[in-house]
Amino acid sequence: MIVGDSEIRIGSTADPIDRRRARAIAQQLEAAWPELRIAIVPVTTQADLDFADTHPNARHEESLLRELERALREKRIDLAVHSLDKLPVEESPDLVIGAVPRRLEARDALISKDGSSLADLPGDPRIGAAGLCRQAQVLFARPDAHPIPLQGTVQTKLKRLDTDELDAIVLALCDLQALGLANRATQVLDYDTILPAPGQGAIGLQCRAGDEESLRLVSVLHHPESWATVTAERAFLRELGAGCDPPVAAYAEIRGLNLRLSALIAPAAGSRPIRVSMRGLFYDPPSIGEALAEKALALGAGKFLAG
């Protein structure tokens with residue numbers, strides 16, 4: 001029930017995917033609370049002005065995140081919409097994830113110049129991929145490949161495929177879908193080929209810890225199963241103590257009463273990664289993530305993370 005002139009202000013950066021996801025959450029809130037007044041508030045950083053949409057990198061993404069959190073603390077907005085594969089696993093005590101909506105597509109997609117699948121690309125293919133773990137998995141799937149680091153927006157990465165000497169690129173499928181570009185995907189890569197980053201495809205709705213009204217409003221969008229899978233993945237990452245851009249992938253799924261968490265830690269490119277998995281009851285996802293991290297560390301994952 002909406003009381004009085006209830007309003008919720010959703011912060012959005014200039015990133016095209018961020019804008020679209022903020023609008024999607026606004027539409028879902030509007031459907032759940034027809035009398036709620038909703039405003040999308042632009043949150044601009046100096047990084048937006050410096051990088052525009054050309055070559056944002058991890059430092060740029062961190063700047064955007066900090067500005068959204070600053071806007072929450074200063075009460076310029078009531079809600080920040082985050083991709084949970086970008087949000088640090090150590091949360092601030094004054095900010096909380098109030099809801100995790102139903103998870104989007106978590107798999108990666110290959111976009112090749114000539115329409116070939118990963119297996120059918122010509123010999124010694126040049127494959128663009130962002131992140132150490134994704135690059136290592138590409139090389140493990142195609143030992144003759146030359147992984148090329150990618151930065152920038154989805155549009156910038158697609159432009160590099162069209163203009164640079166690349167045979168293919170690998171992107172998160174959910175990002176292509178958010179921009180209406182899923183038709184560009186040549187092949188959807190299964191989890192046995194490339195395991196996604198922890199939290200990929202999941203959205204976290206962040207509010208101030210004491211803002212009971214905003215927390216109540218967003219709670220109707222919460223999807224417990226999606227929360228459980230992402231919580232297990234993020235607990236795994238947190239227990240590993242991995243730093244910036246860790247060579248770590250993880251994906252959890254619920255089957256019946258069980259949650260199965262699969263994870264991978266990639267060593268130097270081209271070497272065999274450490275793969276681990278574990279099952280447990282879905283109602284205790286943090287314990288599953290922490291236990292699996294201990295298993296990975298016992299197998300020597302720490303030396304790859306330290307490197």
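Up top is the structure these notes are about.
Bear in mind that the values here come from a model prediction, so they are computed numbers and not experimental data. For every chain, the first residue of the written sequence is number 1, and numbering continues from 1 along that sequence. Predicted model: local features are reported for residues with pLDDT of at least 70 only, side-chain atom pairs are reported and counted for 80 or more only, and whole-chain, interface and lining totals are derived from all residues. Values shown for side chains rest on all heavy atoms present in the structure; no hydrogens or waters enter the calculation.

Chemist: Sorry if this is basic, but what is going on with the overall build of the chain here?
Modeler: Every helix listed is a DSSP run of H or I at least four residues long, and every strand listed is a run of E at least two residues long, numbered separately from the N terminus. For the chain, the count of helices and strands is ten helices and 13 strands. With respect to the three principal axes, the spread of C-alpha positions in the chain is 65 × 45 × 35 Å. Exposure is judged per residue with a 1.4 Å probe applied to protein chains only, and the accessible area is read against the type maximum: over 50% gives exposed, under 20% gives buried, and values in between give partly exposed. Buried residues in the chain amount to 48% of all 307 residues. The contact rule is simple, with two residues in contact once any of their heavy atoms fall within 4.5 Å. Taking contacts inside the chain between residues at least 6 apart in sequence as the whole, the part at least 24 apart equals 68%. In the structure as shown, the chain presents an accessible area of about 14400 Å², 50% of it carried by carbon and sulfur atoms. Under this rule, positive means Lys or Arg and negative means Asp or Glu; His and the chain ends count for nothing. Here the site of a charge means NZ on Lys, CZ on Arg, CG on Asp, or CD on Glu. Across the chain, the centroid of the 35 positively charged side chains sits 2 Å from that of the 43 negatively charged ones. Working definition of accessibility: Shrake-Rupley area with a 1.4 Å probe, residue cover restricted to the visible protein chains.

Chemist: Before we go on, may I ask you to explain the pairing of strand β8 (residues 168-172) in this structure?
Modeler: In terms of residue burial, β8 counts as a mostly covered element, since five of its five residues are buried. Side chains A168, V170 and A172 of β8 all project onto a buried face; the interleaved residues I169 and L171 project onto the opposite face, where all are buried too. Summarising the sheet, strand β5 (residues 108-112) and β8 pair through five bridges and their orientation is antiparallel. Of the residues in β8, the one forming a bridge with L110 is V170. We treat two strands as partners when DSSP finds at least two bridges between them. Of the pairings in the sheet, the one linking strand β6 (residues 126-129) to β8 comprises three bridges and is parallel in character. Counted as the bridge partner of I127 is A168 from β8.

Chemist: Looking at this model, I keep getting lost on a nonpolar patch on the surface. Mind explaining?
Modeler: Taken together, the side chains of L257, L281, F282 and Y283 define a hydrophobic patch exposed on the protein surface, amounting to about 430 Å² of accessible area. In this structure, F282 sits in the loop between β13 (274-281) and α9 (285-298). Residues enter patches when they are more than 30% accessible in relative terms and free of salt bridges; like-charged ones are connected within 9 Å and nonpolar ones (Val, Leu, Ile, Met, Phe, Trp, Tyr) within 5 Å. The salt bridge criterion pairs a side-chain nitrogen of Lys or Arg with a carboxyl oxygen of Asp or Glu, the two atoms within 4 Å.

Chemist: How should I be thinking about the sheet that holds strand β12 (residues 258-265) in this particular structure?
Modeler: Across a sheet, strands are paired by hydrogen bonds formed along the backbone, either parallel or antiparallel in direction. The strand order β11-β12-β13 describes an open sheet built from three strands, whose pairing is antiparallel. Sheet topology places β11 (248-255) and β13 at the edges, where each strand pairs with a single neighbour. Shown here is a sheet whose adjacent strand axes are inclined to one another by a mean of 15°, direction ignored. Where β11 and β12 come together, eight bridges link them in antiparallel fashion. Axis lines are fitted to C-alpha atoms, over the contacting stretch for helices. Their N-to-C directions set the angle, which ranges from 0 to 180 degrees.

Chemist: Is there a simple way to think about the environment of T229 in this case?
Modeler: Along the chain, the position of T229 falls in helix α8 (residues 224-240). Separated by 13 residues in sequence, T229 and A242 place their C-alpha atoms 19 Å apart. Residues within four places of T229 in sequence aside, it is in contact with R103, A252, E253, I254 and L259. Side-chain polar atoms of T229 contact the side chain of R103, separated by 3.4 Å. We call two N or O atoms a polar contact when they sit within 3.5 Å, provided that within protein one can donate a hydrogen and the other can accept it, with sequence-adjacent residues counted only if both atoms are side-chain atoms.

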